[in-house]
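Residue strings, one per chain:
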Amino acid sequence: MSDASAPDRAAADRPIPKPGILDIAAYTPGKSKVEGIEHPLKLSANENILGCSPKAKAAYAAAIDQLHVYPDSRATKLREAIAAEFRLEPDRLLFGCGSDEVFQILCQTYLEPGDNIVQGEFAFGAYAISARACQAEVRSAPEPDYRVDVDELLKLVDERTRLVFIANPGNPTGTWINGPEVRRLHAALPASVVLVLDGAYAEFADDPKFEDGLDLARTATNVVVTRTFSKLHGLATLRVGWSYGPAEMISAMDRIRQPFNTTIPGQMAAIEALADKDFQRASLELVGRWRPWLSQQMGGLGLSPVPSATNFVLVGFPQSGEKTAKAAEAFLASRGLIVRGVGGYGLPHHLRFTIGLEEHNRAVVDALSDFMAS
């Protein structure tokens, strides 16, 4: 709190939030309902259309007799499972209520008022919310062709930069940068700046040059990788995220982590989801088959799909006339198809489509064909 603002807040006749809080735009999730349609198809939140592992469901159900018990604050069994799966040191892992909470903990640990974070212009909204809550500045670098540009990011880094956030692959764009580019960015950053690699969609990236960042984080003193069980594993409702970084950083972050931020059902289900390779394979095969098909079909309709390495496709619409993204979103909703408008991300002429089952994807293309022809 600045000295100038203190008297005004102290003299107020009601509690006043600290400066900047009321300037933060609250996160707006994708729509899940359509008026007049009882069971719409939700393709707006990048949820796993196959649901989750049957083994994870069974583990969740088995936790019913433990609802009165506090969870293991260290998530010991899940910690051990992740460490074994990815060949990581257990004490360098930190868990969160989704990876969103990890971003919040990072900002609380490393940002002071007047510091700044650097991100791409179409970055996931949680980074900015967490930074602004700490009274830090948010700097957004241009993303030519909807892709993170290392040189543009570096132009914004200065002596008050503390964190650089990259979602790789990105949300809502679906684009990615390759391993050499990530390493080039890291090499150019001061040692005091943390590079945060958000890998929420990393499992869906199949480009040979893509790297998830874990190898870089093994030896770097200023790299943190985050992952989630919400996307590939289909455990979005259970909010289980994790991060891997230098022992010193993880120790500092763990001091302000709330002690019971992951639940017993969440931990148990995540362990089984991690072990269920058949479900993971089926999920990846579904996306691998229908992602290129959906992009091809969208392009054939005269739209502009953005190359994607995720379980969704971002699609550009005409900026004027009757075939805009807003009009398409309303038309699709009238057919019971909910997709994601991304105007809040600075992309008012785009919609984001989660990849569904075959019948869902064909229904979307058929509806868009009717829309474009109407």
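This text follows the structure it describes.
Keep in mind that this is a model prediction, so the values were computed, not measured. (Residues numbered from 1 in each chain as written. Predicted model: local features only at pLDDT ≥ 70, side-chain atom pairs only at ≥ 80, totals over all residues. Heavy atoms only, no water.)

Draft legend 1. Seen up close, the pattern of salt bridges. Applying the stated criterion across every chain, the model contains 21 salt bridges. Two residues, Arg 184 and Glu 181, come together in a salt bridge whose shortest N-O distance is 2.9 Å. Residue Arg 184 and its partner Glu 181 are located together in helix H7 (residues 179-188), separated by three residues, close to a single helical turn. Look at Arg 184 and you get partly exposed, because its relative accessible area is 34%. Of the charged contacts in the structure, one is a salt bridge between Arg 183 and Glu 211, with a shortest N-O distance of 2.6 Å. Highlighted residues: Arg 183 in helix H7 and Glu 211 in the loop between strand E6 (194-198) and helix H8 (214-219), separated in sequence by 28 residues. In this structure Arg 183 comes out as partly exposed when scored by relative accessible area, which is 38%. Given a relative accessible area of 35%, Glu 211 falls into the partly exposed group. Members of the salt-bridge network, linked through shared partners, are Arg 74, Asp 254 and Arg 257. (Salt bridge = Lys/Arg side-chain N within 4 Å of Asp/Glu carboxyl O. Helix = DSSP H or I, 4+ residues; strand = E, 2+ residues; numbered from the N terminus. Buried < 20%, exposed > 50% of the residue type's maximum accessible area, 1.4 Å probe, protein only.)

Draft legend 2. Quick peek at the sheet that holds strand E7 (residues 223-228). Sheet architecture is open: seven strands sit in the order E2-E8-E7-E6-E5-E3-E4, paired in mixed fashion. The open sheet terminates on both sides in strands that have one partner only, identified here as strand E2 (93-97) and strand E4 (137-141). On average, adjacent strands in this sheet sit at an angle of 25 degrees to one another, irrespective of strand direction. Pairing of strand E5 (residues 161-167) with E6 involves five bridges; the strand directions are parallel. What sits directly across from Leu 163, in E6, is Val 194. (Pairing = 2+ DSSP bridges. Axes fitted to C-alpha atoms, helices over the stretch in contact; angles between N-to-C directions.)

Draft legend 3. Here's a closer look at the packing of aromatic side chains. Per the counting criterion, the structure on display carries ten aromatic pairs. On the basis of an interplanar angle of 35 degrees and a centroid distance of 5.9 Å, the ring pair of Phe 122 and Tyr 146 is categorised as tilted. With Phe 122 in the loop between strand E3 (116-120) and helix H5 (125-133) and Tyr 146 in the loop between E4 and helix H6 (150-155), this pair connects stretches of sequence that are 24 residues apart. By relative accessible area, Phe 122 is classed as buried at 8%. In this structure Tyr 146 comes out as partly exposed when scored by relative accessible area, which is 28%. A centroid spacing of 4.6 Å and a plane angle of 15 degrees characterise the contact between Tyr 127 and Phe 165, whose relative ring orientation is stacked. With a gap of 38 residues between them, Tyr 127 in helix H5 and Phe 165 in strand E5 connect regions that are remote in the sequence. (Phe/Tyr/Trp six-rings, centres within 6.5 Å; stacked < 30°, edge-to-face > 60°.)

Distances and angles like these do not, on their own, reveal function.
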